Amino acid sequence: MPLSDQAFQVAPYAMLIVDPFRDRVVKVNPAAEALIGGGAEALNDRPFSHCLSASLPLWVSFTDEALTSPPAWSDDLVLLDLGRQPHRVEVSAVALPGGAELLLTLNERDQVERRRAQAELGRQHRSGEVGWQRIEQIFERIEGQNQLILGAAGEGIYGLDARGQTTFVNPAAERILGWSAADMVGHDAHRLFHHTRGDGSEYPVQQCPIHAAFSDGQVHRVDDEVFWHKNGHPVPVEYTSTPIFEMGRLVGAVVLFRDISERKLSDQRLHEALEEVRSLKRRLELENQYLQEEITAELNHSEIVGESPAVAQLIHQIALVAPTDANVLIHGESGTGKELIARAIHADSTRSDRPLIRVNCAAIPRDLFESEFFGHVKGAFTGATSDRLGRFELADGGTLFLDEVGEIPLELQGKLLRVLQDQQFERVGENRTREVNVRVIAATNRDLHEMVAAGTFREDLFFRLNVFPIASVPLRQRIEDVPLLAQHFLKRACQKFNKPGERIPLAQLEILKGYAWPGNIRELENVIERQVIVSQDRRLVFDDLLSMPRTPAVPAAPTTADPTPGAPLRAGAGASPARQCHRRPPAERRQGVRGRRGRGAARHQADDAVLAASQVGRRARRLPGEGREGVTPCAEHADDDAPAVALAYHHRRDSGRGRPTGFCQTPR
């Protein structure tokens, strides 16, 4: 056997000849067989790469380095034996002549490290006392570093042995507890500063989490306990007790604690602040509840002021229909308080804890009706930059008040009918059907019967809304309520304009009762507010109303207050005097129109009356005939005490056009 082969066989290191191109082991020495667990015959049955596992990429780069720039060395490789056990190895490689095969020399790293450690121990043993001195210096340096760390720590740290006696204390612990290291080291720490709970009760050592670490070997963390300062006052602390093991045996514990006095104080201040916030919140809730009650009191049906039979009938109807979910249709002239009736119905219903959503149908542009009622999704039309809830969704669970319902476009009435029937709808631009639970109260000052006959209002929608009709009686049909209403509006106006002490003399109340009030309650409120503003001597006067035509009040028609569902709804029955036997003259009708235009109506009427009076004075002198300055009153006004000049004015204004006025007919 050649000498090279003999050297290969007796080498103490594992040596392999590998063909990296064929991925085969060509030859192994006995040391390699011991490492791999088999000879070349066993390895010939499998590629060499199967012994490399996850280290294959490293082996590829290593063999490439060995072939291109030998020798190569690495200690990052792992070799798997035939039993699939990994071995961390140091490998050196060199290419054999011909360049097709590599000679690998492998050393197990664990064996190499053990040999190096043994060699180091041998050197230290041989060096004797010098080596031990170096080791002692190393330990002293480590201890000095540890002392620096303990001294720099802001938290208190102390150690305990298995008997609970203190072994060391850092400066922070001395500062927090007031005890010096000499006072603590060698003494029972529990008896020294952990003997009593924060409430003053005794703290048995058997229940102490710090000592529990000696028995169970677990880390114990406590967030709220007290250590006792040397001067006797408690120090709130949080601490962690960690057991110390030596050769698997519990020998003590190290305790790290922190003074949390500032945090406790901050927590107390925060708690007091939160309690104050809760107190303020409760106060605001009570104030909010009070304000809500005030608003409710301002708007509920108790503010439907009056003692007339018409008001009593109205309140009776509200009491009948409010507890139900029936749709209600309120009809009557403008300014008679239809919205107040709707709010009273909602306040007395089971839906009162949910909102009453009001929609003024007359104020919505025609193109936006569907979006306003049902909502829309983003991109449904130009300008729809985000999703928007409709009024029906907002009123879900509550009540939807449709004011001026007669103004809803005909093309939308069908969709509104579907919601009333099925309680379902779709947003504009969306296919999803949504369900709601909404009660509808509608109001109008128009004659819906005439609109149905004219084809501008759907008959089926009218019947759906007109489940329970309620007539809002005009003020001239409940003229006996004028004094109560005047006093009510006077009180509100005095508060609003900060002018207490204003009053209405009885003679002025009679003037108010003698006026026809074409603008109804809204006009009365406006007149009261105007007079409160201009009043100088705390007495309200209404002499300007004397210059206006004084139409006698028309008794209330009981048919309009009929609560029977399905009863005919017509404005002619008490809703407008133009439908009764006595027709209002054109001047008064024009005043009624002005009265429905909001604030300032009475002022316009006064101006018109002043102008009319000046004309009447001239014309009455030219009228022929008998009676009151040449005017013959009709049978209806034979006993009327109205000034003859006013009767002449009526006659002149209308009979001059060739038709009777309905009040007086004077031969031409």
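Residues numbered from 1 in each chain as written. Predicted model: local features only at pLDDT ≥ 70, side-chain atom pairs only at ≥ 80, totals over all residues. Heavy atoms only, no water.

Draft legend 1. A look at the overall build of the protein. Along the protein, the regular secondary structure elements total 24 helices and 19 strands. Counting over 668 residues, the protein shows a buried share of 42%. Put simply, of all contacts in the protein between residues at least 6 apart along the chain, 61% involve residues at least 24 apart. Total accessible area computed for the protein in this model is approximately 36000 Å², and 52% of it derives from carbon and sulfur atoms. (Helix = DSSP H or I, 4+ residues; strand = E, 2+ residues; numbered from the N terminus. Buried < 20%, exposed > 50% of the residue type's maximum accessible area, 1.4 Å probe, protein only. Contact = heavy atoms within 4.5 Å. Areas by Shrake-Rupley, 256 points an atom, 1.4 Å probe, with all protein chains shown as cover.)

Draft legend 2. Just the environment of Gln413, in detail. Along the polypeptide, Gln413 turns up in helix α16 (residues 410-422). For Gln413, a relative accessible area of 0% puts it in the buried group. Once residues lying within four places of it in the same chain are set aside, the contact partners of Gln413 are Ile408, Thr456, Phe457, Arg458 and Leu461. Of the polar contacts made by the side chain of Gln413, one reaches the backbone oxygen of Ile408; its length is 3.0 Å. (Polar contact = N/O pair within 3.5 Å; in protein donor to acceptor, adjacent residues only side chain to side chain.)

Draft legend 3. Main features of the pairing of strand β6 (residues 156-161). Counting buried residues in β6 gives six out of six residues, a clear majority hidden from the surface. What you see with β6 is no split at all: Gly156, Tyr158 and Leu160 on one side and Ile157, Gly159 and Asp161 on the other are buried throughout. Note: β6 against strand β10 (residues 249-259), six bridges, orientation antiparallel. By the bridge assignment for β10, Leu160 is matched with Ala253. With three bridges joining them, β6 and strand β7 (residues 166-169) adopt antiparallel strand pairing. Looking at the pairing, Tyr158 lines up with Val169 of β7. Hairpin connection from β6 to β7: four residues lie between these consecutive antiparallel strands, with Gly164 at a positive phi of about 90 degrees. (Pairing = 2+ DSSP bridges.)

Draft legend 4. Broad picture of the sheet that holds β6. Spatially, the five strands line up as an open sheet ordered β7-β6-β10-β9-β8, and their pairing is antiparallel. Each edge of the sheet is formed by a strand with only one pairing partner; in this case those strands are β7 and β8 (220-228). Each strand of the sheet is rotated relative to its neighbour by a mean of 30 degrees, with strand direction disregarded. Pairing geometry for β8 and strand β9 (residues 234-246), over seven bridges, is antiparallel. Across the sheet, the residue bridging to Val226 is Pro236, located in β9. Against the sheet, helix α10 (residues 209-216) makes contact with β6, β8, β9 and β10, and its axis sits at roughly 135 degrees relative to β8, the strand it touches most. (Axes fitted to C-alpha atoms, helices over the stretch in contact; angles between N-to-C directions.)

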